Amino acid sequence: MSVEIKVPTLGESVTTATVAKWLKQPGEAVQADEPIVELETDKVSVEVSAPQAGILGPQAAKEDQEVEVGALLTTLEPAKAGTAPAAKAAAPEKKAEPVTAAAPAKAAAPAPKAAAPAPAVDAGAALPAARKMMAENGLSAQQLAGTGLGGRITKGDVLGFLANPQAATPAAAPKPPRNDDPREERVKMTRLRRTIARRLKEAQNTAAMLTTFNEIDMSGAMALRAEYQDSFVKKHGVKLGYMSIFSRAVVAALKEFPAINAEIDGDDVIYRDFVNLGIAVGGPNGLVVPVIRDADKMSYAEIEKTIAGFGKAAREGTLKLDQLSGGTFSITNGGIYGSLLSTPILNAPQSGILGMHSIQERPVAVNGQVVIRPMMYIALSYDHRIVDGKEAVSFLVRVKQNVEDPRRLLIEV
């Protein structure tokens with residue numbers, strides 16, 4: 001009896017995926033738990049594995065095709081006695097490479113004869129999340145311009161229309177095709193990169209975003225690391241870094257200014273008595289923000305170990321979907337790339353994000369004298385709809401005080 005292999009549940013608010021790469025072709029023998037297809041979601045790439053051993057049936061979706069959760073991908077036929085080895089001999093098994101968001105490869109095998117062609121997507125059709133939002137706001141497909149595959153309307157299209165109805169009209173004249181220069185190379189954007197672009201633009205369109213700045217004398221934090229680094233590594237097996245120092249400083253400040261750890265939901269404000277801290281990590285496929293859950297209950301060593309694990313997983317493309325959702329506040333460190341100053345963009349629906357930057361020695365005035373100190377500019381971007389300027393400035397001052405003198409966290413002042 002054949003077994004249907006469908007698009008699995010992909011995580012919070014994720015309703016569709018793109019078939020990035022078929023790792024096995026129809027007629028090949030596969031073992032239980034062997035990856036057969038790679039899907040690319042809005043957040044990460046995931047592999048779908050065979051639930052049991054058998055012979056792979058026809059493909060119900062082609063590479064680069066968008067599929068919804070629960071849609072049929074292929075079937076798995078039971079292997080008959082003596083047929084599995086022959087099938088493997090005809091198509092040698094190829095080891096799946098680490099998950100990446102590279103442009104989908106061209107299928108090496110011809111299209112399966114038994115597979116019915118994938119139905120064309122009607123222009124103007126809406127994805128499930130978009131349909132729900134359109135119904136809630138009394139919108140019709142004729143009012144919206146779909147940017148999804150085959151002209152389908154996405155949730156981002158609806159959000160963009162609600163933010164600026166005059167700009168989002170399907171009646172706009174189509175953009176003329178671009179004449180590429182022979183020296184140029186055209187590469188299709190990955191789903192992850194498209195999602196990053198859409199979410200960043202959504203944050204600008206929906207939030208009243210403002211940024212405030214301050215600077216930190218890093219002498220105290222650097223002295224703390226130098227004094228305790230060896231014993232910290234010996235006891236915990238991980239280095240004491242600036243991220244854990246800033247994380248603890250931010251957690252303490254968020255407890256004092258809870259609006260920056262809150263979010264707007266319709267006409268309501270949701271306040272939290274916990275901190276799920278998002279840490280922006282640069283991977284080979286783009287920027288991702290894994291979440292340290294209950295960071296307010298973690299020690300310096302626990303935070304450092306968690307961040308180190310996130311960095312390794314991001315480089316290897318093994319971050320899980322549940323590691324990328326549920327954040328209440330984020331920290332991004334452009335300083336590791338040499339950034340001296342920037343205005344970070346909110347990670348919606350969060351109401352605040354802290355930007356760290358490079359440490360540079362600069363002359364500063366201390367007790368009436370000019371001295372050279374290691375200084376870092378920091379920036380807080382916040383949603384002015386929920387956070388007042390006084391709160392934002394006071395929050396950043398508190399982070400500055402906590403980093404410059406970490407002893408404040410011990411005596412809670």
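Residues numbered from 1 in each chain as written. Predicted model: local features only at pLDDT ≥ 70, side-chain atom pairs only at ≥ 80, totals over all residues. Heavy atoms only, no water.

**Description of the nonpolar core**
And then number 1: Counting residues in each nonpolar core, the largest one holds 46 residues, and the members touching the most others are F246, F329, F395 and V399.
And then number 2: Of all the secondary-structure elements, those providing two or more residues to this core are helix 6 (242-256), strand 12 (277-279), helix 7 (300-316), strand 16 (329-333), strand 17 (352-356), strand 19 (369-383) and helix 8 (389-404).
And then number 3: The greatest single-element share of this core, amounting to nine residues, is contributed by helix 6.
And then number 4: Judged by nonpolar contacts, the second largest core, of 20 residues, contains I5, L10, V37 and L39. (Core = buried A, V, L, I, M, F, W, Y, C linked by side-chain atoms within 4.5 Å. Buried < 20%, exposed > 50% of the residue type's maximum accessible area, 1.4 Å probe, protein only. Helix = DSSP H or I, 4+ residues; strand = E, 2+ residues; numbered from the N terminus.)

**Regarding the confidence of the model for the protein**
And then number 1: Summing up the model confidence of the protein, the mean pLDDT is 82 and the portion of residues at 70 or higher is 83%.
And then number 2: When the criterion is pLDDT under 50, residues 83-124 qualifies, and its contacts beyond four places in sequence or with other chains add up to 57 contacts. (pLDDT = per-residue confidence, 0-100. Contact = heavy atoms within 4.5 Å.)

**A word on unusual backbone geometry**
And then number 1: Residue P349 is reached from A348 by a cis peptide bond, and omega for that bond is 5°.
And then number 2: Here D64, not a glycine, exhibits a phi torsion of approximately 75°, which is positive.
And then number 3: Within the secondary structure, D64 sits in the loop between strand 6 (54-59) and strand 7 (66-68).

**As for the pattern of salt bridges**
And then number 1: In total, this model carries 14 salt bridges according to the counting rule given.
And then number 2: Note that E34 and K24 form a salt bridge whose closest N and O atoms lie 3.0 Å from each other. Of this pair, E34 sits in the loop between strand 3 (29-30) and strand 4 (35-40) while K24 sits in the loop between strand 2 (16-22) and strand 3, placing them 10 residues apart in sequence.
And then number 3: Among the ionic pairs, D383 bridges to R385, the shortest N-O distance being 2.7 Å.
And then number 4: Salt bridges linked by common partners bring K24, E28 and E34 together as one network. (Salt bridge = Lys/Arg side-chain N within 4 Å of Asp/Glu carboxyl O.)

**Observations concerning the packing of aromatic side chains**
And then number 1: Applying the stated criterion to the full structure yields one aromatic pair.
And then number 2: Over the ring of Y242 we find R225, and its NZ or CZ is 4.3 Å from the ring centre.
And then number 3: The aromatic ring of Y377 is capped on one face by R362, whose charged end is 4.1 Å from the ring centroid. (Phe/Tyr/Trp six-rings, centres within 6.5 Å; stacked < 30°, edge-to-face > 60°. Lys NZ or Arg CZ within 6 Å of the ring centre and 35° of its normal.)

**Re the sheet that holds strand 5 (residues 45-49)**
One key point about sheets: their strands pair by backbone hydrogen bonds, in either a parallel or an antiparallel sense.
And then number 1: In space, the four strands of this open sheet follow the order 5-4-2-7, with antiparallel pairing throughout. Only two strands of the sheet have a single partner each, and these edge strands are strand 5 and strand 7. The sheet shows a mean angle of 45° between the axes of neighbouring strands, direction not considered.
And then number 2: Examined bridge by bridge, strand 2 and strand 7 share three bridges and lie antiparallel to one another. Along strand 7, the bridge assignment pairs A17 with V67.
And then number 3: Across the sheet, helix 4 (residues 191-206) lies against strand 2, strand 4 and strand 7, angled at about 150° from strand 2, the strand it touches most. (Pairing = 2+ DSSP bridges. Axes fitted to C-alpha atoms, helices over the stretch in contact; angles between N-to-C directions.)

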